[in-house]
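Close look at the chain arrangement
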Amino acid sequence: MARTSDIEKAAGALRAGGLVAFPTETVYGLGANAENSAAVARVFQVKGRPPTHPLIVHIGGAEHLGGWVEDVPATARLLAERFWPGPLTLVLRRGRRVPLEATGGLETVAVRVPDHPVALALLSAFGGGVAAPSANRFGSVSPTTANHVRAELGDAVDFVLDGGPCEVGVESTIVDVTGDTPSILRPGGVTREGLEAVLGCPLAVHSTSRVRVPGQHPSHYAPRARVVLVEPEKVVAEAEIAQELGHQVGVLLPPSFADAPVKAHAVVAVPGSTAAYARGLYGFLRELDQRGCDLVVASLPMEEGLGLAIANRLRRAAGPRSSE
Ligand code: AMP
Ligand code: MG
């Protein structure tokens, strides 16, 4: 677990233009000084991420928004008051402190206040904004432990802060508040229902938009194994057929079939609570890769509450790989 001296070292690395992996409540981030274009460019390089795909700028509190955004519309203020610190990212008009490298050339910027003591301590010690996407290679499964980061990025990162396993486990919900009506660009840790309750109106979820969001690529959040989605009651049969055909099959077994015997290479019983499922999802996918599976059979949860984000990630994980 990160100590005060680690936080100081990590803040120093950021000041020196280095890259720091740090825990948040959603997933681990790969952070750089948001105002240092060269450091931000290294984030893209290390991730293998196309430079046109914007990063999220992390700040220590809504009171620090000045300079990072052009203005704070009433809707944004309302959502920030209710959900920050927390797994909500707001897309606002870009302020003068944000270099175009961090926004992939866009005139909008994504901003969030993470709800994790280590992330907040880092932001406070550093004093500025930290531009960070998830600390994984582009297109692959996001890291939810410090070991996931070390295994995937190793020496490419100057400092890895360990804050234990992430509490939420899926990325933040991204809400665009630059238009007349807010819309969800990516479902995540804050539920659509929770947002709608605060806003008092229904929210559209845009799975495609003119904005380039990596989470909107058909294939993203994907393990090495191919992911196949079927109806919950067909998971067991589908797994057996694929195993008989010679695949090393990994199964994400839906809660209602937890006791079913399955002929497969590796089986993970999906937790009944969506919060526990979201927390474990990326770890499960990594585990099935590690156990040598080449095919993962899974089903989608009900798309309500956190189930919306889980279903979104599973669909992307199962998306066509050739479009990457
Ligand atoms: P990651 O979680 O690694 O995919 O990185 C941060 C996420 O925030 C990506 O999905 C970005 O595309 C998204 N994002 C960052 N800036 C913007 C923006 N200005 N408009 C829309 N989405 C953004
Ligand atoms: Mg990512």
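Residues numbered from 1 in each chain as written. Chains lettered and ligands numbered in written order. Predicted model: local features only at pLDDT ≥ 70, side-chain atom pairs only at ≥ 80, totals over all residues. Heavy atoms only, no water.

A few words now on the packing of aromatic side chains. Applying the stated criterion to the full structure yields two aromatic pairs. Seen in terms of ring centroids, Tyr221 and Tyr282 are 6.3 Å apart; in terms of plane orientation they differ by 20°. Their pairing is stacked. Taken together, the residues span a long stretch of sequence, with Tyr221 in the loop between strand S10 (204-205) and strand S11 (226-229) and Tyr282 in helix H9 (residues 274-290) at a distance of 61 residues. Take Tyr282: its relative accessible area is 0%, and that puts it in the buried class. Residue placement shows Arg313 over the ring face of Tyr221; its charged tip is 4.9 Å from the ring centre. (Phe/Tyr/Trp six-rings, centres within 6.5 Å; stacked < 30°, edge-to-face > 60°. Helix = DSSP H or I, 4+ residues; strand = E, 2+ residues; numbered from the N terminus. Buried < 20%, exposed > 50% of the residue type's maximum accessible area, 1.4 Å probe, protein only. Lys NZ or Arg CZ within 6 Å of the ring centre and 35° of its normal.)

Right, let's talk about the nonpolar core for a bit. The nonpolar side chains of a soluble globular protein tend to be buried with one another. Formed by 44 residues in total, the largest nonpolar core has its most connected members in Leu30, Leu79, Trp84, Leu88, Leu90, Val175 and Leu195. Going through the elements one at a time, strand S2 (29-33), helix H2 (37-47), helix H3 (74-83), strand S4 (88-93), strand S5 (108-112), helix H6 (146-153) and helix H7 (192-199) are the ones with two or more residues in this core. Take this core: its biggest share by element is five residues, from H2. Residues within four places of Val175 in sequence aside, it is in contact with Leu79, Leu88, Thr89, Leu90, Val91, Pro182, Ser183, Ile184 and Leu195. Judged by nonpolar contacts, the second largest core, of 26 residues, contains Val168, Leu281, Phe284 and Ala317. (Core = buried A, V, L, I, M, F, W, Y, C linked by side-chain atoms within 4.5 Å. Contact = heavy atoms within 4.5 Å.)

Here H9 crosses helix H10 (residues 307-317) at 30°, and the two axes come no closer than 9 Å. Between H9 and H10, the crossing angle belongs to the class labelled roughly parallel. Note on packing geometry: the crossing formed by H9 with H10 is left-handed. Side by side, H9 and H10 meet where Thr274, Tyr277, Ala278, Leu281 and Tyr282 of the first sit next to Gly307, Ile310, Arg313 and Leu314 of the second. (Axes fitted to C-alpha atoms, helices over the stretch in contact; angles between N-to-C directions. Parallel < 35°, antiparallel > 145°, perpendicular 65-115°, else oblique. Left-handed = near helix turned anticlockwise from the far one by under 90°.)

Turning our eyes to something else, we now look at the sheet that holds S2. A sheet is described by the order of its strands in space; here 10 strands give the open sequence S7-S1-S2-S6-S3-S5-S4-S8-S9-S10, paired in mixed fashion. Sheet topology places strand S7 (159-160) and S10 at the edges, where each strand pairs with a single neighbour. Set on the sheet, helix H5 (residues 117-126) makes contact with strand S1 (20-22), S2, strand S3 (56-58) and strand S6 (130-132); between it and S1 the angle comes to about 145°. (Pairing = 2+ DSSP bridges.)

In this numbering, the UniProt entry assigns the feature "domain: YrdC-like" (unreviewed entry) to residues 4-190. Measuring from the first to the last C-alpha atom of residues 4-190 gives 29 Å, for a span that is 29% helix and 19% strand. (UniProt positions renumbered as here; feature names shortened; annotations may be inferred.)

This part takes up the pattern of salt bridges. Following the criterion strictly, the structure yields 14 salt bridges and no others. The residue Glu240 makes a salt bridge to Lys263 at a minimum N-O spacing of 3.8 Å. Taken together, the positions of Glu240 in helix H8 (residues 235-244) and Lys263 in the loop between strand S12 (249-253) and strand S13 (266-269) put the pair 23 residues apart, joining distant regions of the chain. The residue Glu303 makes a salt bridge to Arg315 at a minimum N-O spacing of 2.7 Å. With a gap of 12 residues between them, Glu303 in the loop between strand S14 (295-298) and H10 and Arg315 in helix H10 connect regions that are remote in the sequence. Given a relative accessible area of 40%, Glu303 falls into the partly exposed group. (Salt bridge = Lys/Arg side-chain N within 4 Å of Asp/Glu carboxyl O.)

Two strands in a sheet stick together by hydrogen bonds in their backbones, pointing the same way (parallel) or opposite ways (antiparallel). Across the sheet, four strands lie side by side as S11-S14-S12-S13; this open sheet has parallel pairing. Every other strand in the sheet has two partners, leaving S11 and S13 as the edge strands with one partner each. Going across the sheet, the axis of each strand differs from the next one's by a mean of 20°, ignoring polarity. Sheet analysis places S11 next to S14, joined by four bridges and oriented parallel. If you follow Leu229 over to S14, its bridge partner there is Ala298. The sheet contacts of H8 involve S12 and S14, and relative to S12 the element is tilted by about 175°.

Side chains Thr173 and Val175 of strand S8 (residues 173-176) all project onto a buried face; the interleaved residues Ile174 and Asp176 project onto the opposite face, where all are buried too. Sheet topology note: the S4/S8 ladder contains four bridges and is parallel. Within S8, the residue paired with Val91 across the bridge is Asp176. In this sheet, strand S9 (residues 183-186) lies alongside S8 in antiparallel orientation, the contact comprising three bridges. Residue Val175 lies in a different strand from S9, and its bridge partner there is Ile184. Counted along the chain from S8 to the antiparallel partner S9, the turn is six residues long.

Turning our eyes to something else, we now look at the packing of helix H1 (residues 4-15) against H5. Pairs of packed helices are described in terms of their axes, by the angle between the two and the distance that separates them. Taken N-terminus to C-terminus, the directions of H1 and H5 make an angle of 55°; their axes are 9 Å apart at the nearest point. By the criterion of interaxial angle, the relationship of H1 to H5 is oblique. Where H1 crosses over H5, the two elements pack in a sense that is right-handed. Contacts between H1 and H5 pair Ile7, Glu8, Ala10, Ala11, Leu14 and Arg15 from the former with Val118, Ala121, Leu122, Ala125 and Phe126 from the latter. Taken together, the residues of the contact of H1 with H5 sort by class into nine nonpolar, no polar and two charged. (Nonpolar A, V, L, I, M, F, W, Y, C, P; charged D, E, K, R; others polar.)

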